[in-house]
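# Commentary on secondary and tertiary structure
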Amino acid sequence: MSLGNADNAVQLQNVWFSYEGRNHALQDISLNIKSGSSTVIVGSSGSGKTTLLKIINGLLKPQQGSVRVFGIDISDEQKRIVRRSIGYIPQQLGLLRNSTVLQNVLVGGLARMGSASAILGIYPEHEIKHAMRCIEQVGIGHKTHERVHRLSGGERQRVAIARALMQKPSIILADEFTSDLDYVTAHEMLDLMGEIRRNGVTLILVTHNLELAAQHGEKIVFLKGGMKIAESHSKDVTEETMKTLV
Amino acid sequence: MKPNSQAIITPLVISIAIIASMWNVGFFDFTRMTRGTSNLGVFVGGLFPPNFGVFDKVSWAILETIQMSFAGTMLGFVIALPLGVLGAKNIFGPITVGPVRLLLAVVRTIPALLWALIFVVTLGLGPLPGTLGLAAYTVGYLGKLYYEALEAVDPEVIEAVGAIGTSKLQLVRHAIIPESANQILSQLLFMFEYNVRASSILGFVGAGGVGFYMLGYIQTLQYRELMAVIIMTLFVVLTIDYVSSKVRSRFLFGQK
């Protein structure tokens, strides 16, 4: 783990954020996420789930409050170092559609490569081997040289996970990444994420699907209108309670 | 205003504008138009049959035209791509984007023929000023097409790759350019086609290529030889259009 072994992978203290000219997207959010745990953030559309993920990986800067990742404050100077260890899977996955699976996954290792070789696109052999291992791990080894636009939805999801794994991440943030998948594929993906977590990676998933949240998260954080309204262990909440909260 | 009256007034205003413009440029000078039509008949009659006795020397001039277009397009491309990157709002801020776009607009305002004339004045006659003229125009035109293509890249791709901790240069090299590669290539081929057509007349200002012969045959009233040059140029332009459309469809998204 490149960011140290702090007990808390993520610590948010009194975080406030608003997009220009709009109401607060996040209001006074404080949150501790234990290292190696699996946390699911649930809430309806506009509740601030995606904003919260973007705050955690430094894509957005809070107007108030602090964000620490493995004890490191994500100030501007530290942002790139922290980002290298956070795998981020956006809702639409953000894959390079015209590039192959291997090229997409190799992108995950760019931040630790020397600038000259990274610009020329000459990847060291050990990086290529690592990328191949990541592709194998997510079960699409036979598609390594296939272009992404030719893959199915589930296969693309796997490519996005492999790209995140290529970063050798300490944390993976995934935003509604099962929303476009059928029931079976969604559970397959979440099982795969569970496997990754067992290797010590902290998972933070965002979803509006309460059933998936209950089955795959150890801890569930409820957001509504930009505020954290509850936080609980998944075994302590029933689906009925969740429906009331969301 | 009622919708019905607007439906009448709009076409009426447009029609008056068209007729006024045509009047001002002399379309309704019937004496002149009649004389012109008669002269056109004589000119067209003089074009046939084409004299292909000029085939050998015109072939070399056409080859020179293609070389000028190719070199000019590629030289313009290597300058236009970085300028396109610097002019894309999703990569750089307004301090960089503004001056780059202004520069490209200025370069684009001057047509290729005028650029060629400028280089003829500074460098002398021959294909070199023609090539540089085409390169300059290519920079202005491709630069604009490229910043528009780069700005069309899905913001989520940029966000996802940027979130890895990549530098701006890595982001451009590994995400933004690969995602717009099809458009970059397609527009490059389009520019090459355009430059082949444009370079045919650069010889009019002494900037090399087949235009030199075209102008010479017009000035010496050798219309049959002129027709041979036009047919040969047309054949080359159509061949290049066909080949580039095949290359484009080979690389376009989703095709193989």
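Residues numbered from 1 in each chain as written. Chains lettered and ligands numbered in written order. Predicted model: local features only at pLDDT ≥ 70, side-chain atom pairs only at ≥ 80, totals over all residues. Heavy atoms only, no water.

### Things to note about the overall build of chain A
- Secondary structure assignment for chain A yields nine helices and ten strands.
- The globule rule puts the C-alpha radius of gyration for 246 residues at 18 Å, and the 18 Å found for chain A is close to it.
- Overall, the C-alpha framework of chain A stretches about 50 × 40 × 35 Å when taken along its three principal axes.
- Looking at chain A as a whole, 55% of its 246 residues are labelled buried.
- Accessible surface computed for chain A: about 10900 Å², of which carbon and sulfur atoms make up 46%.
- Treating the 28 positive side-chain charges of chain A as one cloud and the 24 negative ones as another, the clouds have centres 5 Å apart. (Helix = DSSP H or I, 4+ residues; strand = E, 2+ residues; numbered from the N terminus. Rg over C-alpha atoms; globule rule 2.2 N^0.38 Å. Buried < 20%, exposed > 50% of the residue type's maximum accessible area, 1.4 Å probe, protein only. Areas by Shrake-Rupley, 256 points an atom, 1.4 Å probe, with all protein chains shown as cover. Lys, Arg positive; Asp, Glu negative; His and termini not counted. Charge placed at Lys NZ, Arg CZ, Asp CG, Glu CD.)

### Section: the environment of A:Asn14
All names here are of chain A.
- Checked against the element boundaries, Asn-14 lands in strand E1 (residues 8-18).
- Along the primary structure Asn-14 and Leu-26 are separated by twelve residues, whereas in three dimensions their C-alpha atoms are 9.6 Å apart.
- Residues in contact with Asn-14, not counting those within four places in the same chain, are Asp-28, Ile-29, Ser-30, Gln-64 and Gly-65. (Contact = heavy atoms within 4.5 Å.)

### What about the pattern of salt bridges?
Residue and element names in this part refer to chain A.
- For the coordinates displayed, the defined rule picks out twelve salt bridges over all chains.
- The salt bridge partner of Lys-49 is Glu-176, with a shortest N-O separation of 3.8 Å. Here Lys-49 is found in helix H1 (residues 49-56), whereas its partner Glu-176 is found in the loop between strand E7 (171-175) and helix H7 (183-198), with 127 residues between them in sequence. Just as Lys-49 is buried, Glu-176 falls in that class too.
- Put simply, Lys-219, Lys-228 and Glu-231 are held in one network by salt bridges that share partners. (Salt bridge = Lys/Arg side-chain N within 4 Å of Asp/Glu carboxyl O.)

### Points about the pairing of strand E2 (residues 24-34) of chain A
Residue and element names in this part refer to chain A.
- Bridge analysis of E1 against E2 gives seven bridges, and the strand direction is antiparallel. Across the sheet, residue Leu-12 finds its bridge partner in E2, namely Leu-31.
- In this antiparallel pair of consecutive strands, E1 and E2, the connection spans five residues, and Gly-21 shows a positive phi of 75 degrees. (Pairing = 2+ DSSP bridges.)

### Topic: the sheet that holds strand E4 (residues 64-69) of chain A
Residue and element names in this part refer to chain A.
- Strand order in this open sheet of four strands is E2-E1-E4-E5, and the pairing throughout is antiparallel. Bordering the open sheet on either side are E2 and strand E5 (72-73), each of which pairs with just one other strand.
- Note: E4 against E5, two bridges, orientation antiparallel. The residue of E5 that forms the bridge with Val-69 is Ile-72.

### Some thoughts on helix H5 (residues 125-137) of chain A
Residues and elements named next belong to chain A.
- Along its 13 residues, H5 runs 18 Å from first to last C-alpha, staying within 8% of the 18 Å computed at 1.5 Å per residue.
- For H5, the set of buried residues is Glu-127, His-130, Ala-131, Cys-134 and Ile-135. Down the axis of H5, the buried set is contained in an arc of 140 degrees. They therefore lie on one face. Opposite its buried face, H5 presents the exposed residues Glu-125, His-126, Arg-133 and Glu-136, each directed more than 90 degrees away.
- Gly-139 lies just past H5 and shows a positive phi near 85 degrees. (Expected span 1.5 Å × (residues − 1). Arc of directions from axis to C-beta.)

### Some details on the domain arrangement of chain B
- Domains assigned within chain B are domain 1 (3-47) and domain 2 (53-251).
- Placing a centre on the C-alpha atoms of domain 1 of chain B and another on those of domain 2 of chain B gives a separation of 34 Å. (Domains from an automatic or database assignment.)

### A look at helix H4 (residues 94-109) of chain B
All names here are of chain B.
- The end-to-end C-alpha distance of H4, which contains 16 residues, comes to 22 Å, matching closely the 22 Å that a straight helix rising 1.5 Å per residue would cover.
- Of all the residues in H4, the buried ones are Val-97, Val-100, Arg-101, Leu-104 and Val-107. Along the axis of H4, the buried residues cluster in a sector spanning 125 degrees; they form a single face. Seen from the open side of H4, the exposed residues pointing more than 90 degrees away from its buried face are Pro-94, Ile-95, Leu-102 and Thr-109.
- On its buried face, H4 is in contact with helix H3 (55-86), helix H5 (112-123) and helix H6 (127-151).

### Considering empty space enclosed by the protein
- Scanning the entire structure with this criterion turns up two cavities of 30 Å³ or more.
- What lines the largest cavity is A:Val40, A:Phe177, A:Thr178, A:Leu190, A:Leu205, A:Val206, A:Thr207, A:Leu212 and A:His216.
- A per-element tally of the lining of the largest cavity places strand E8 (residues 202-207) of chain A first, with three residues.
- Taken as a whole, the second largest cavity holds about 40 Å³ of empty space.
- Lining the second largest cavity are B:Ile62, B:Thr65, B:Ile66, B:Val196, B:Ser200, B:Val210, B:Thr233 and B:Val236.
- Looking at the lining of the second largest cavity, the element that brings in the most residues is H3(B), giving three residues.
- Taken together, the residues that form the lining of the second largest cavity break down as five nonpolar, three polar and no charged. (1 Å grid on protein atoms, 1.4 Å probe; cavity = no way out; pocket = protein on both sides within 12 Å on 5 of 7 lines; lining within 4 Å. Points joined across faces, edges and corners; volume = space filled by probe spheres on them. Nonpolar A, V, L, I, M, F, W, Y, C, P; charged D, E, K, R; others polar.)

### A word on the nonpolar core
- Counting 89 residues, the largest nonpolar core has A:Ile89, A:Val105, A:Ile161, A:Ile172 and A:Met193 as the members making the most contacts within it.
- Top contributing element to this core by residue count: H6(B), with nine residues.
- In contact with A:Ile89, other than residues within four places in its own chain, are A:Ala160, A:Ile161, A:Ala164, A:Ile172, A:Leu173, A:Ala174, A:Asp175, A:Phe177 and A:Met193.
- Listed in part, the 30 residues of the second largest apolar core include A:Ile29, A:Leu52, A:Leu223 and B:Ala163. (Core = buried A, V, L, I, M, F, W, Y, C linked by side-chain atoms within 4.5 Å.)

### Quick look at the packing of aromatic side chains
Residue and element names in this part refer to chain B.
- Applying the stated rule across the entire model yields twelve aromatic pairs over all chains.
- Ring geometry for Phe-28 against Phe-30: centres 6.4 Å apart, planes inclined by 65 degrees, an arrangement best described as edge-to-face.
- The exposure class of Phe-28 is partly exposed, given its relative accessible area of 32%.
- Phe-30 gets classed as exposed once you look at its relative accessible area, which sits at 56%.
- Residues Tyr-137 and Tyr-194 carry aromatic rings whose centres are separated by 5.7 Å and whose planes lie at 25 degrees to one another, so their mutual orientation is stacked. On the criterion of sequence distance, the pair formed by Tyr-137 in helix H6 and Tyr-194 in helix H9 (residues 181-199) is long-range, its members being 57 residues apart.
- According to the relative accessible area criterion, Tyr-137 is buried, its value standing at 11%.
- Judged by its relative accessible area of 30%, Tyr-194 is partly exposed.
- These aromatic residues form a ring-pair network of at least three members: Trp-23, Phe-28 and Phe-30. (Phe/Tyr/Trp six-rings, centres within 6.5 Å; stacked < 30°, edge-to-face > 60°.)

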